[in-house]
Amino acid sequence: MMVSPDVRVISFDVFDTLLQRKVDAGEPFFRLLNRRFREKSSAGLDFGRMRREAEGALRREIIRGERDKEDVLLDDIYEYIEKFYGIPSQIADEMKLEEEALESRLNSARKAGKELYQYALSTGKKIIVTSDMYLSASSVEHLLCEEGYSGFDRIFVSSECGLRKITGNLYNFVVKEMGVAPEEILHIGDNRESDIEIPEKLGMKTAWLPSAGEKYREAGCSHQPEKMCRDLVNWEASLREPGVAIARKMAANMYFDDPFRDFAPESDYNCDPYFVGYAALGPHVLGLVRWLCDNIHRDNVRKMVFLARDGYLPMQVYNLMRSYYPELPEASYLLTSRIALLPVIIREPSDLYQIPVDKSYHTPEEMLRLLRFCSEDGAWERMQEKGTYKNYKSGEGFTADSFNGFIYDFITCAYSREVHDEKRRIVSEYLLRNGESIEDGCAVFDSGYSGRIAAAVKEASGKDIYVYYIHSDGSSCFMNEAEADIKIRTFLDFSPYMESTMREYAYLEPKASCIGYTDNLEPVFDCGPDAGYSDTAVSMQKGALDYVSEFLDAFHDYEKETSCRALSAAIPFEAFLRYCSEADRHMFDGVMIDDELWGGRRDIDLNYLMDARISKLPQYAGKNNE
């Protein structure tokens, strides 16, 4: 269409065609002006609401025929604010400049639109810009030039022309000014009515470039949270929270900049782990780390310690936050695990009866490997020789009775207090060494859940610590919290349906786990699963970090104006886990994870685990919410 000899002028819409905002137009955008207004005025007004109402009042005057133009200028809006709300003229002028600066900050080039624009330039034909907008032509020109758009012949803006696209009058004006017939103009835009239907009725040629937001909704990327929230959480109210709305807008802009990309209709995330990371995991971990920062200030934390491996992604996000908020305390990454801390978790031989394992998945040989921290070589032989219980069998999982018999024989025949105490000493020294050390007043982050690790860290270090979890398991956590005299705070005040293992996979460092320490205080690593373990996690984490980085770059000084509740931040990713479509589960094909302590395995198929868990859960959503 561009190279057709019948076309002499190529016209482009601006917003959602050549440029994209990181926040929706209207009230979500105006709300960001509140902070600057509070800095300039002692009035308790909601400036964002005032800005929206002022424009609405002027547009109603147009409808009533009280104004001689079809649109309003930004100058008109701020004159109205000054006059009817009694805002001093200096503050009104400053707020107008603030709004223009915010437009410049939050608008960026739409790649698909820019490619079309550059091709249009290469045709040598006249290029014009045509927009229904309250900004002046010079302001629109400034926004376009900032994003590398140049070479256009004219800018037609409804606010200055006094005519709008939606009425068709701006197009008639463009035809007259350009001195061409309507059919000699090709107009490209995102709005079905004002950019396609109206100009076509006037005889112009058109090409539709759907907005990213429209394609995001059409692809069904947002339906999972509605399904999960159906009967308890008012998700419609959550959508009005700035942090949630911005996350959806940014996800749409990122993935559907090109609205014609292939997208599997039976999926929610196109079986793309990067998209899951950007659109769901990113808001989840950003909400988590914002929550961490709130608690750090409240508890006067002097240092943050993220425990391996679940703390890997949160630590990276926290360090991104510190680059914008340097007053946050420094962070360290402590290589540890439940297996590494067993010498401290197990205080006395009798504690072995409640060692945190699923007995049915462990064999005697596997248990002895876990219990090397409190036994000497030859333990199995001594147990075979002197043991009184014979109902546990080599190579087979335990029953409740056979496990208790095994532990009795182990304590009687193989347990070594000397070896145990030495391993406890090594763990304590490792936790207190420089770099990753635990200090008084520091906070420890871990996924959760029972409080055993937190209690062990406090006991081994001898330091008073705060503990921050994604969530707890309830009863065991309360008991360990009281026994260890620690305060555990949780991001989610409930236990999600879906297995913690799947959440941990998204957060963890995709490397082998630390299972202990040498006499020289060097971490010892387990081999972990083979290749394929990290691919999906790495892609998801990259998407999450890209989202957080772009969010902080745009909104770091609008913290309160872009916030949301913890649950609202968490729901998209939790909903992905809970209602992951069959198509999207293919991204976990071949992914193997390890859970040697509890599950007794280092090769757990994540897809199998996900399917098994979902099959046991009630499908409350029903067909109407599919």
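What you see is a predicted model, and the numbers here were worked out from it, not measured in a lab.

Visitor: Just to check I follow, could you spell out the overall build of the protein for this structure?
Guide: The helix and strand tally for the protein stands at 27 helices and 16 strands. The buried share of the protein, taken over its 626 residues, is 56%. With an accessible surface of roughly 27000 Å², the protein has 47% of that area assigned to carbon and sulfur atoms.

Visitor: Could you clarify how one ought to interpret the pattern of salt bridges in this entry?
Guide: Opposite charge on two side chains permits them to pair, given that their charged atoms come into close proximity. In this structure the tally under the stated criterion is 43 salt bridges. Between Glu429 and Arg425 there is a salt bridge, with the nearest N and O atoms lying 2.5 Å from each other. A residue pair is termed a helical-turn pair when its members lie 3 or 4 positions apart in one helix, as Glu429 and Arg425 do in helix H21 (residues 417-432) at four residues. On the basis of relative accessible area, Glu429 is assigned to the partly exposed category, the value being 36%. On the accessibility criterion, Arg425 (33% relative accessible area) is partly exposed. One salt-bridge network, in which partners are shared between bridges, spans Arg51, Glu55, Arg59, Asp71, Glu99, Asp132 and Arg164.

Visitor: When you look at the packing of helix H15 (residues 273-299) against helix H16 (residues 312-324) in this model, what are you seeing that I'm missing?
Guide: In the contact formed by H15 and H16, the axes pass within 9 Å of each other and the chain directions differ by 65°. For the element pair H15 / H16, the angle class is roughly perpendicular. In this structure, H15 meets H16 at a crossing whose hand is right-handed. Along its contact with H15, which presents Leu281, Val285, Leu286, Leu288, Val289, Arg290, Cys293 and Ile296, the element H16 presents Leu313, Pro314, Val317, Tyr318 and Met321. Its residues assigned to classes, the contact of H15 with H16 comprises 12 nonpolar, no polar and one charged.

Visitor: Mind showing me how you'd approach the sheet that holds strand S5 (residues 154-157) here?
Guide: Sheet strands associate in pairs through backbone hydrogen bonding, adopting either a parallel or an antiparallel arrangement. Spatial ordering of the open sheet is given by S5-S4-S1-S6-S7, a layout of five strands whose pairing is parallel. The open sheet has two free edges, formed respectively by S5 and strand S7 (205-208), since each of these has just one partner strand. Strand after strand, the sheet turns through a mean of 20° between neighbouring axes, direction not considered. Relative to S5, strand S4 (residues 126-131) is paired through four bridges, and the arrangement is parallel.

Visitor: Explain the environment of Leu45 here, please?
Guide: Note on placement: Leu45 falls in the loop between helix H2 (34-40) and helix H3 (47-63). A relative accessible area of 38% places Leu45 in the partly exposed class. Measuring from C-alpha to C-alpha, the distance between Leu45 and Glu177 comes to 43 Å, with 132 residues separating the pair along the chain. Those residues in contact with Leu45 that lie beyond four places of it in its chain are Phe37, Met50 and Ile87.

Visitor: Can you help me understand the packing of aromatic side chains in this one?
Guide: Given two aromatic rings, one states the distance between the centres and the angle between the planes to describe the pair. By the definition in use, this model includes 29 aromatic pairs. Measuring from centroid to centroid gives 5.5 Å for Tyr255 and Phe256, while their planes differ by 80°, and the two rings are edge-to-face. The same class applies to Tyr255 and to Phe256, which are both buried. Ring geometry for Phe551 and Phe555: centres 5.1 Å apart, planes at 50°, overall tilted. Here Phe551 and its partner Phe555 are both found in helix H25 (residues 535-555), four residues apart, which amounts to about one turn of the helix. Of the residues examined, Phe551 reaches a relative accessible area of 1% and is grouped as buried. Since its relative accessible area comes to 0%, Phe555 is described here as buried. Through a chain of ring-to-ring contacts, the aromatic side chains of Tyr255, Phe256, Phe263, Tyr269, Phe275, Tyr505, Phe573, Phe576 and Phe588 assemble into a single cluster. A cation sits over an aromatic face here: Arg192 above Trp208, 3.9 Å from the ring centre.

Visitor: What is the right way to read the packing of helix H19 (residues 379-386) against helix H20 (residues 400-413) from this model?
Guide: What describes two packed helices is the angle between their axes and the distance between those same axes. As a packed pair, H19 and H20 sit with axes 9 Å apart at the nearest point and diverge in direction by 105°. Accordingly, the angle class assigned to the pair H19 and H20 is roughly perpendicular. Contacts from Trp380, Arg382, Met383 and Lys386 of H19 reach H20 at Phe406, Asp409, Phe410 and Cys413. Here the residues of the contact of H19 with H20 are counted per class, giving five nonpolar, no polar and three charged.

Visitor: What is the right way to read the side chain of His471 from this model?
Guide: On the secondary structure map, His471 appears in the loop between strand S11 (465-469) and helix H23 (475-484). If near-sequence neighbours (up to four positions away) are discounted, His471 is found in contact with Ser447, Gly448, Tyr449, Thr490, Leu492, Phe494, Ser495, Pro496, Ser500 and Arg503.

Visitor: How should the pairing of S4 be read in this particular structure?
Guide: Consecutive residues of a regular strand have side chains that alternate between opposite faces of the sheet. Buried residues dominate S4, accounting for five of its six residues. For strand S1 (residues 9-12) and S4, the ladder comprises four bridges, and the chain directions are parallel. Across the sheet, Ser11 pairs through a bridge with Ile128, a residue of S4. In this region the chain leaves S4, passes through helix H7 (residues 137-146) and returns to the parallel neighbour S5; the handedness of that crossover is right-handed.

Visitor: Mind showing me how you'd approach the pairing of strand S10 (residues 442-446) here?
Guide: Here S10 lies mainly inside the structure; five of its five residues are buried. In this structure, strand S8 (residues 303-307) lies alongside S10, joined through four bridges in parallel fashion. The residue bridging Val305 from the neighbouring strand is Val444, located in S10. Examined bridge by bridge, S10 and S11 share five bridges and lie parallel to one another. Following the sheet pairing, Phe445 is matched in S11 by Tyr468. Taken together, S10, helix H22 (residues 452-461) and S11 constitute a β-α-β crossover, and its handedness is right-handed.

Visitor: Which parts of the structure should I look at to understand H16?
Guide: Owing to its 3.6 residues per turn, the α-helix aligns residues three or four sequence positions apart on the same side. Taking 1.5 Å per residue, 13 residues should reach 18 Å; H16 reaches 19 Å between its end C-alpha atoms and fits that length. Listed in full, the buried residues belonging to H16 are Leu313, Pro314, Met315, Val317, Tyr318 and Met321. Here the buried face of H16 lies against H15, S8, strand S9 (331-334), S10, helix H24 (500-507) and H25.

Visitor: What am I meant to see in the sheet that holds S11 here?
Guide: Ordered by their spatial adjacency, five strands build an open sheet running S9-S8-S10-S11-S12, and the pairing between neighbours is parallel. Looking at which strands have only one partner, the edges of the open sheet turn out to be S9 and strand S12 (487-490). Strand-to-strand twist of the sheet, defined as the mean angle between neighbouring strand axes without regard to direction, takes the value 25°. Sheet contacts for H15: S8, S10, S11 and S12; angle to S11, the most-contacted strand, approximately 160°.

Scoring rules and cut-offs
- Residues numbered from 1 in each chain as written.
- Predicted model: local features only at pLDDT ≥ 70, side-chain atom pairs only at ≥ 80, totals over all residues.
- Heavy atoms only, no water.
- Helix = DSSP H or I, 4+ residues; strand = E, 2+ residues; numbered from the N terminus.
- Buried < 20%, exposed > 50% of the residue type's maximum accessible area, 1.4 Å probe, protein only.
- Areas by Shrake-Rupley, 256 points an atom, 1.4 Å probe, with all protein chains shown as cover.
- Salt bridge = Lys/Arg side-chain N within 4 Å of Asp/Glu carboxyl O.
- Axes fitted to C-alpha atoms, helices over the stretch in contact; angles between N-to-C directions.
- Parallel < 35°, antiparallel > 145°, perpendicular 65-115°, else oblique.
- Left-handed = near helix turned anticlockwise from the far one by under 90°.
- Contact = heavy atoms within 4.5 Å.
- Nonpolar A, V, L, I, M, F, W, Y, C, P; charged D, E, K, R; others polar.
- Pairing = 2+ DSSP bridges.
- Phe/Tyr/Trp six-rings, centres within 6.5 Å; stacked < 30°, edge-to-face > 60°.
- Lys NZ or Arg CZ within 6 Å of the ring centre and 35° of its normal.
- Right-handed = clockwise from strand over helix to strand, strands pointing away.
- Expected span 1.5 Å × (residues − 1).

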